[in-house]
Amino acid sequence: MIAIRKPSSGAHIGTNTSVQHIMWRVILAISPATAFGLFCFGWPALNLFIVTLLSAVLFEAFCLRLAGRIAKPAIMDGSALLTGWLVAMTLPPWAPWWIGVAGSGIAIILGKQIYGGLGQNLFNPAMLARIALLISFPIEMTTWPNVAPVFSAQAPDFIESWSITFSGLGSIASADAMTGATTLGYIKTEFSQQHWLPDILANHSSFLDFLGWTRGSLGETSALLLGLGGVWLIRQGVIKWHIPVSLLLTVTVLSSVFHLLDSQHYISPLVHLSSGALMCAAFFIATDYVTSPNTPAGQLVFGAGCGLLIFVIRTWGTYPEGAGFAVLLMNAATPLIDHYIRPRIYGRNRNGKPLEQKIIVQERKQ
């Protein structure tokens, strides 16, 4: 006798992975690049970094208490600390203290808690803060210090660093001599003056950019260390390869094609990969569980969309770097991607209807 049965639910598995486990592994992966950036930009960068992290934790505690929840368990999971960490990675290293506080406030309150807290936000909080600050305070967010390693002759000492962080860079007499443009910003400015790309990059070293010896935020310095940290996260199973690979591959393919067509006007893939926040976005921002698609196919589409938007904004947009805008735009598209690209549920067909299972039942002889 054959019996027909329709399963009422899919299979489930358990795991020992917790939110705290994931957050601290991400922090561990991004720590080498952060430490190198702090070394390159000295005490003012460390001051801003600490202020940003502390304010993120305090804003998280304030919002939780306001909602009538106990703050300590939620703070100990590391999510607020990681959010503040990523915000600090997007800021100019010598930005004034209030930029860090404002960034953390936007990320925690408007980017996270206003939606209901961890796991419910639509946009990546760090990128929301980055773009809001960039639009609101363009001068403070585009003033980049030269590389001045700790204890070097050109680096501000501990006392001077407090003046930079809490009184502003304008308090330093030699401020103009201590700042400059990022690689992408310099290229964009020179293009506006009708200069050709080979002349613009005559003295440029992509190797130094890749190592991190360049102007930029902490998340725009060492592409090497950020990439290694991201690969480690993939090997640990914290993130999947789909978004980083599709994002980086899209930028590489597009920049290669356009550079081959016109090397006078289009940046080479090597410059794209070694400059800006591309590596940080690919491994630490775009891979956010909450704001990216759930399926591998959807993640490939999401990463490719981020890569396309980054290339378009860098090439034809007003802003030199497009990582933040690209991630936020694709965050908005994530529900649409999840709607049209769905996995087949175990025991069901592509339309979600239960599969009929034929079970052979042997009749017992009387």
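Small disclaimer: the values here were computed from a predicted structure and weren't measured.

**Student:** Teacher, can you tell me more about the packing of helix α4 (residues 97-110) against helix α5 (residues 125-136) here?
**Tutor:** To describe two helices that pack against each other, one gives the angle between their axes and the distance between the axes. Contact geometry for α4 and α5: axes closest at 8 Å, N-to-C directions at 130°. One finds that α4 runs oblique with respect to α5. Remark: the crossing between α4 and α5 carries right-handed chirality. Taking contact as the criterion, the partners of I99, A102, G103, I106, A107 and L110 in α4 are, on α5, P125, A126, L128, A129, A132 and L133. Split by residue class, the contact of α4 with α5 holds 11 nonpolar, 1 polar and no charged.

**Student:** Any chance you could explain the side chain of N47 here in plain terms?
**Tutor:** Within the element layout of this structure, N47 appears in helix α1 (residues 19-66). Among all residues touching N47, those that are not within four sequence positions of it are S161, W162 and T165.

**Student:** It is not clear to me how the environment of A281 should be interpreted in this structure. Could you clarify?
**Tutor:** Within the element layout of this structure, A281 appears in helix α13 (residues 278-285). On the basis of relative accessibility, which here comes to 2%, the residue A281 falls in the buried class. With 38 residues separating them along the chain, A281 and I243 place their C-alpha atoms 10.0 Å apart. Excluding its chain neighbours within four sequence positions, the residues that come into contact with A281 are A286 and A323.

**Student:** Explain the environment of G219 to me, please; I cannot follow it from the model alone.
**Tutor:** Its location among the elements puts G219 in the loop between α9 (206-211) and α10 (223-235). For the pair formed by G219 and C280, sequence separation is 61 residues and the distance between their alpha carbons is 5.8 Å. Discounting residues that sit within four places of it in the chain, G219 has contacts with M89, L226, G276, A277 and C280.

**Student:** Could you clarify how one ought to interpret helix α7 (residues 183-192) in this entry?
**Tutor:** Residues lying three or four places apart along an α-helix face the same way, a consequence of the helix completing one turn every 3.6 residues. Among the residues of α7, those classed as buried are T183, L184, G185, I187, K188 and E190. A positive backbone phi angle near 65° is found at Q194, which sits one or two residues after α7.

**Student:** Please explain a nonpolar patch on the surface as it appears in this structure.
**Tutor:** Judged by side-chain polarity, F39, F207, L208, F210, L211, W213, L224 and L228 come together as a nonpolar surface patch covering roughly 710 Å² of accessible area. Among the elements of the structure, α9 and α10 are those that each provide at least two residues to the nonpolar patch. Looking at which element gives the most residues to the nonpolar patch, the answer is α9, with 4 residues. Looking at the element boundaries, F210 is found in helix α9.

**Student:** Just to check I follow, could you spell out helix α6 (residues 158-167) for this structure?
**Tutor:** For α6, the complete set of buried residues consists of S161, I164 and T165. All buried residues of α6 fall inside an arc of 90° around its axis, so they share one side. Residues of α6 that are exposed and angled more than 90 degrees away from the buried face: I159 and S167. Among the structural elements, α1 and α4 are those in contact with the buried residues of α6.

**Student:** In this structure, what is going on with the packing of helix α11 (residues 242-261) against α13? I would like to understand it.
**Tutor:** Where α11 meets α13, the axes come as close as 8 Å, and the angle between the chain directions of the two elements is 155°. Accordingly, the angle class assigned to the pair α11 and α13 is roughly antiparallel. Every pair of crossing elements has a handedness; the one defined by α11 and α13 is right-handed. Touching I243, P244, L247, L248 and V251 of α11 are L278, M279, A282 and F283, all from α13.

Criteria and cut-off values
- Residues numbered from 1 in each chain as written.
- Predicted model: local features only at pLDDT ≥ 70, side-chain atom pairs only at ≥ 80, totals over all residues.
- Heavy atoms only, no water.
- Axes fitted to C-alpha atoms, helices over the stretch in contact; angles between N-to-C directions.
- Helix = DSSP H or I, 4+ residues; strand = E, 2+ residues; numbered from the N terminus.
- Parallel < 35°, antiparallel > 145°, perpendicular 65-115°, else oblique.
- Left-handed = near helix turned anticlockwise from the far one by under 90°.
- Contact = heavy atoms within 4.5 Å.
- Nonpolar A, V, L, I, M, F, W, Y, C, P; charged D, E, K, R; others polar.
- Buried < 20%, exposed > 50% of the residue type's maximum accessible area, 1.4 Å probe, protein only.
- Patch = residues over 30% accessible without salt bridge, like charges linked within 9 Å, V, L, I, M, F, W, Y side chains within 5 Å.
- Areas by Shrake-Rupley, 256 points an atom, 1.4 Å probe, with all protein chains shown as cover.
- Salt bridge = Lys/Arg side-chain N within 4 Å of Asp/Glu carboxyl O.
- Arc of directions from axis to C-beta.

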